[in-house]
Amino acid sequence: MLVTTPLALAADRSDRIRELSPNFICICGCNQLLSACNHFHCPSSGPMLADLGNQIDQGKSDNAIMAYFVEKYGTTVLAAPPASGFNLAAWIMPFAALGIGALMVLFFVRRFRSRWAGVPVDGDLTKYQQKVEEELEKFTPED
Amino acid sequence: MAQIGQFALALAWVVTAYSVVASLLGIHLKHDKLIASGRNAALGTFACITTAIVCLGYLFAVSDFSIKYIAAHSNRDLPIYFKVSSIWGGQEGSLLFWGWLLTVYSALVIIQNWRKHSAMMPYVTAVLMATSLFFTTMHLFAVNPFNQTVILQAQTSPIPFVPADGSGLNPLLQDAYMVIHPPMLYLGFVGFAVPFAFAMAAMFTKQLGDTWIRTTRRWTMVAWMFLSVGILLGGKWAYHELGWGGFWGWDPVENASLMPWLIGTAFLHSVMVQEKKGMLKVWNMVLVILTYIMSIFGTFLTRSGVVNSVHAFAQSPIGGYFAAFLIVALSGALYLLFDRLPYLKSENQMESVISRESSFMFNNLVLLAACFAVFWGTMFPVISEAVKGVKITVSAPFFNKVNVPIAIFLMFLTGVGPLLAWRKASTNSLKRNFLMPGVLALATGVVLYLRGVQHFYAWLSLVMSTFVTITIVREFYKGARARSVGTGENFVEAVVNLTLRNTRRYGGYVVHFAFVLLFIGWSGQAFTTDGSSELGIGDTMAIREYTLRVDKLGTEDTPNYSSDKATVGLFEYGKKVANMFPERRVYKAGQEPQPTSEVAIYSTAKNDVYVVFAGATTDGKKAILQVFYNPLTMWVWIGGVVLVVGTLIALLPNKKTPARKRQESESKEEQKEIETKVS
């Protein structure tokens, strides 16, 4: 146990670096994630990763590390906007648009369906429709 | 030669403007000769811009550094093929290339359709030439590629200057994929101008039936195919050249190409509803307008610098031009659309939520939602800066979180669509069609989970891929079996003939299968691992089942670059499978040395081993290697090839049955007889 604990801690530290580094942008100007920036003689990624390691060594939480990075490097260091305040709009809008769009499609289909439902239907039509569907199932599609 | 190019550009501007005016005036005055003159002027524009681009290519080939653009994007020792590709290596040349491709498309469209669609073509010509006029205006007044190299000194006018050598082409662009990727991408972007022009012509002439859609169907598919290939080649280039181990980083430039692709894909699906059912006419107009606008917007986004900062837009020489053109084009098209709404009534009604028609609508919705998510994420930094005054970054973590679930839902719809009948799917047919693919997909999911695929989205993506594959195979099997029974053909013949008789439908299924392969490749990214190590000669490092051993370290010096390189032996379970040669190049042109990675990739269907030579230790005795283990990446590129094959199948004309051929020839003879009697 005494032997494995430091190793486990080291593995845990590198795991946390691996997990947290994609949340930051390297500030060298390459616009790449800190985890991905590996260009030659990059002046920023090495020190930033070392900084990240130090914060982990101090036992800080993920949120505290993020706050530290924002304070030190500015808001542009975060790879995605935090889901709070004005930035919440960034996260909500795509799904809101999808939801509103889905409601509009349903409304569109139902409106036309209800119009169609108003048209008097021949009693035998359903039977024929079923027959057509069965025939279509066997049909070789060459239209 | 520069003067000839400059003159050709000036002439192109005059001829293009004349083409627009003559076409519109000819229509207004019903003056056939003026209309024909407008058409000829459009062909003249093609000749002028071709002359200009040939001149630019020649100036690159002879390294004429008296031209600013040549001096900034080339150097004497650049290989000739990169000199040619330097034409689109910078802003001025790439916009000229864009404009030239537009004139190529315009000339082809005019030659192919002038007689067939005589009423629409003057409008088509006017719209295409109006777009061309916008680009020609920029070539001439904002980003002229033939401007001279000058020295600027205080209180004197600029002094012409010829540098001894050029600054060189950006080393990242000195790659075979960069030679072919931009032309493909631009062929896609520009190609969408053709359906847009026909849509506008249909609205102007009030010929709002299927004609414009049937006429532009192949043009749209061709543009879509080029754009798809362009995007995938961009990914391939990034994978080979950028050295970070991935192929898609949600960079604004990548996003700019994805947005028109997403709307174009929605359009390709919804036109089928209009052709088959006479529905969604307004919607198709909206989509074709948005695809065109997004193609222009994508170019604006990447060229104006607006994504870097809202202030860069004002400083950019082309930002104002693009913004003005986008506003005019969008408002003009939408005004026309509102004016023509009474002519765009649906011929049929939607009968059920569970039908092929509504599945197309949901497919459109999801594609547009994906496009909006990309647009919103790309523009949010600009919005944040404008509204709150705070600069933020929106990068891969945002796009992955938002778009991955949307993409997987889209994959689900890809499988569901073909299982639903047109008009209305009965409960029985739903059960019959969904049971087998659903059960098999879930069984695959269980197996995958038990075998360790426990990343939720990757697992779901693979389950959906299985579901879609089964539905596609089932469609081919059902059709071929029915054909085989009816005609006595063997199964393979039946599959081939079935496909050739309805190329669009079965080509479409092949394209869907391409997306299955792409999704499999993307799913593999969830399981990427990497490691790095400093290795001397004979040292080894291990990653999963592979061991890498540095066998040799060396250097190379060429006129264009010098490089540090390593020879690395790759062993799989102890058996040697390859020698890899990762490099670190430093390009000499320009005032500062420009280092780049030349990665080495060992690729199999199961995984890629991706080796980056990150540099040498200070004593030069060890190589710093970064190694990525990327599962399933090859399937992305195979998916790209299948996508092209599927689109080419869909582009083929349907093979006619002997009965239909007979019927057609009989109706032609009848027509001739009637014409003879009438005359």
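Let's shift gears to the overall build of chain A. Regarding its fold elements, chain A presents five helices and zero strands. Traced from its N-terminal end to its C-terminal end, chain A shows the element sequence α-α-α-α-α. When burial is assessed residue by residue, chain A has 23% of its 143 residues classed as buried. A fraction of 42% describes how many contacts in chain A between residues 6 or more apart in sequence connect residues 24 or more apart.

To continue, consider the confidence of the model for chain A. Per-chain confidence: chain A averages 77 in pLDDT, with 69% of residues scoring 70 or above. Taking the mean pLDDT of every element in chain A, the minimum, 60, falls on helix α5 (residues 125–138) of chain A and the maximum, 91, on helix α3 (residues 62–73) of chain A.

The next subject is the packing of helix α17 (residues 456–487) of chain B against helix α18 (residues 491–501) of chain B. All names here are of chain B. Interaxial distance between α17 and α18 falls to 8 Å at its minimum, and their mutual angle equals 110°. Taken as axis vectors, α17 and α18 run roughly perpendicular relative to one another. Here α17 contributes Phe476, Gly479, Ala480, Arg483 and Ser484 to the contact with α18, which in turn contributes Phe491, Ala494, Val495, Asn497 and Leu498.

As a further point, take helix α6 (residues 121–141) of chain B. An ideal rise of 1.5 Å per residue puts 30 Å on 21 residues; α6(B) measures up with 29 Å between its terminal C-alpha atoms. The element α6(B) is extensively covered by neighbouring structure, given that 18 of its 21 residues are classed as buried.

Contacts between the two partners involve 51 residues from chain B and, on the opposite side, 39 residues from chain A. Counting residues per element, the ones that place at least two in the side of chain B that touches chain A are α14 (356–387), α15 (396–416), α17 and β11 (607–616) of chain B. Here the side of chain B that touches chain A gets 13 residues from one element, more than from any other, and that element is α14(B). Among the residues forming the side of chain B that touches chain A, the class breakdown is 26 nonpolar, 17 polar and eight charged.

Residue and element names in this part refer to chain B. For chain B, the domain assignment lists domain 1 (1–174), domain 2 (181–191 + 206–413), domain 3 (414–521 + 649–657) and domain 4 (527–634). Counting residues at the interface gives 18 residues for domain 2 and 20 residues for domain 3. Among the elements of the structure, α9 (211–241), α14 and α15 are those that each provide at least two residues to the side of domain 2 that touches domain 3. The greatest single-element share of the side of domain 2 that touches domain 3, amounting to six residues, is contributed by α15.

Residues and elements named next belong to chain B. With respect to topology, four strands assemble into an open sheet ordered β3-β12-β11-β10, the strand pairing being antiparallel. Of all strands in the sheet, those bounded by a partner on one side alone are β3 (529–535) and β10 (600–603). Taking each pair of neighbouring strands and ignoring which way they run, the sheet shows an average axis angle of 15°.

Definitions and limits used
Residues numbered from 1 in each chain as written. Chains lettered and ligands numbered in written order. Predicted model: local features only at pLDDT ≥ 70, side-chain atom pairs only at ≥ 80, totals over all residues. Helix = DSSP H or I, 4+ residues; strand = E, 2+ residues; numbered from the N terminus. Buried ≥ 20, exposed ≤ 12 C-beta atoms within 10 Å, placed from the backbone. Contact = placed C-beta atoms within 7 Å. pLDDT = per-residue confidence, 0-100. Axes fitted to C-alpha atoms, helices over the stretch in contact; angles between N-to-C directions. Parallel < 35°, antiparallel > 145°, perpendicular 65-115°, else oblique. Expected span 1.5 Å × (residues − 1). Nonpolar A, V, L, I, M, F, W, Y, C, P; charged D, E, K, R; others polar. Domains from an automatic or database assignment. Pairing = 2+ DSSP bridges.

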